[in-house]
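Residue-level structural notes
Okay, here's what each chain looks like letter by letter:
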Amino acid sequence: MDLDRHITAFTDFADGHLTGEKSRDYYILLKREHSLRVLDNGREIVENETVPAHEAELAILASLYHDIGRFPQFARYGTYKDADSLNHGRMGVLAMRTLDLPDDVAEAEWRLIRATVGLHNAKSINPATRGCLRTMVNVVRDADKIDIFNVILDHLGDRDNPRKEVILSLEEHPTRYSGHVYEAVLSGLPCDYRTLRYSNDFILMLIGWIRDLSYETSKTLLYRRGLVDKAFFLLPADDRIKALEDRAHAYLSA
Ligand SMILES: [Fe+2]
């Protein structure tokens, strides 16, 4: 498999959605660059974990293509909110069926890659999903989460950033966050994007993802890049957040 050919095919497809209108193109480039960083994260995970070579290769490809549905989603609906448009994982599967992609991947392998694209943003994964597909899904979901941490915290760290669509236009308030989101994260329950109200809720949801990571390498990457500390730094400094921070650190150092 020639990864460079796939990167070219992917970036050509992404760039085909550029319009020349700066404010729209910002969002296309955001997802293009995100996908390339997720590819790097996926590579770093499989290189540091005991992933069989063939599964590793497919996981890396799926990392690159995981968000391919974002481009038609933004072109058609002008948003990255699945709730206001369509599920971007499913849109990605549809896009990949019609695209002319490099021919060095067998159809059975494309099927696994498309399945991973379709599952990368599922709220939870059926425990019956095993084998190569399970590995691919686990790698892509971890690689994706690490970069979503990066993108969101980077955006929120720059309070003047006008690109509100990055944080799904959530309300920014220095001290407010939703009790139900906090409780869900504290109890290890999944959060749904649709229940978020404040930008702090988004940060809390990210913190909740730490427990969902499949690989030790992913936890190390998050920690080493300072993303856990940055998340807590951006949240209000109250006792409840402090309790959550202590718990997160205990989990990560266990
Ligand atoms: Fe995605």
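1. Quick notes on the environment of Ser 124
Its location among the elements puts Ser 124 in the loop between helix 6 (107-119) and helix 7 (131-157). On a C-alpha basis, the gap between Ser 124 and Asp 212 in space is 9.6 Å, while along the polypeptide they are 88 residues apart.

2. A word on the packing of helix 2 (residues 22-48) against helix 7
Interaxial distance between helix 2 and helix 7 falls to 8 Å at its minimum, and their mutual angle equals 130°. Comparing their axes, helix 7 and helix 2 come out oblique. The handedness of the crossing between helix 2 and helix 7 is right-handed. In this structure, helix 2 contributes His 34, Arg 37, Val 38, Asn 41, Gly 42, Ile 45 and Val 46 to the contact, and helix 7 contributes Val 139, Val 140, Asp 142, Ala 143, Asp 144, Ile 146, Asp 147 and Val 151.

3. Some remarks on helix 8 (residues 179-186)
By the burial criterion, the buried members of helix 8 are Val 181, Tyr 182 and Val 185. Down the axis of helix 8, the buried set is contained in an arc of 100°. They therefore lie on one face. Among the exposed residues of helix 8, those oriented more than 90 degrees off its buried face are Gly 179 and Glu 183. Contacts made by the buried residues of helix 8 are with helix 9 (199-209) and helix 12 (239-253). Positive backbone phi, at 75°, marks Gly 188, one or two positions downstream of helix 8.

4. As for the packing of helix 3 (residues 53-65) against helix 7
Helices that pack against each other are described as a pair by the angle of their axes relative to one another and the distance between those axes. Closest axis-to-axis distance for the helix 3/helix 7 pair is 9 Å, and the angle between their directions is 45°. Of the possible angle classes, the one that applies to helix 3 and helix 7 is oblique. Note on packing geometry: the crossing formed by helix 3 with helix 7 is right-handed. Between helix 3 and helix 7, the contacting residues are Glu 55, Leu 58, Ala 59, Ala 62 and Ser 63 on the first element and Cys 132, Thr 135, Met 136, Val 139, Val 140 and Ala 143 on the second. A breakdown of the residues in the contact of helix 3 with helix 7 according to their chemical character gives eight nonpolar, two polar and one charged.

What counts, and at which threshold
- Position numbers for residues count from 1 along each chain, tracking the sequence in the order it is written.
- Whole-chain, interface and lining totals are the exception, using all residues; otherwise, since this is a predicted model, local features are given only for residues with pLDDT of at least 70 and side-chain atom pairs are given and counted only at 80 or more.
- We count a stretch as a helix when DSSP gives it H or I for four or more residues in a row; a strand needs E for two or more, and each element gets its number in order from the N terminus.
- For helices, the fitted axis covers only the stretch in contact; all axes are lines through C-alpha atoms, and the angles between them, taken along N-to-C directions, range from 0 to 180 degrees.
- Small angles under 35 degrees read as roughly parallel and large ones over 145 as roughly antiparallel, with 65 to 115 read as roughly perpendicular and the rest as oblique.
- By convention the crossing between two helices is left-handed if the near helix lies anticlockwise of the far one by an angle smaller than a right angle, and right-handed if it lies clockwise.
- The contact rule is simple: place each C-beta atom from the backbone, and if two of them lie within 7 Å, those residues are in contact.
- Partly exposed residues are those whose C-beta has more than 12 but fewer than 20 other C-beta atoms within 10 Å; 20 or more makes a residue buried and 12 or fewer makes it exposed, with C-beta atoms placed from the backbone.
- Taking the helix axis as origin, the arc is that swept by the directions to the C-beta atoms.
- Here the nonpolar group is Ala, Val, Leu, Ile, Met, Phe, Trp, Tyr, Cys and Pro; Asp, Glu, Lys and Arg are the charged ones; every other residue, Gly included, is treated as polar.

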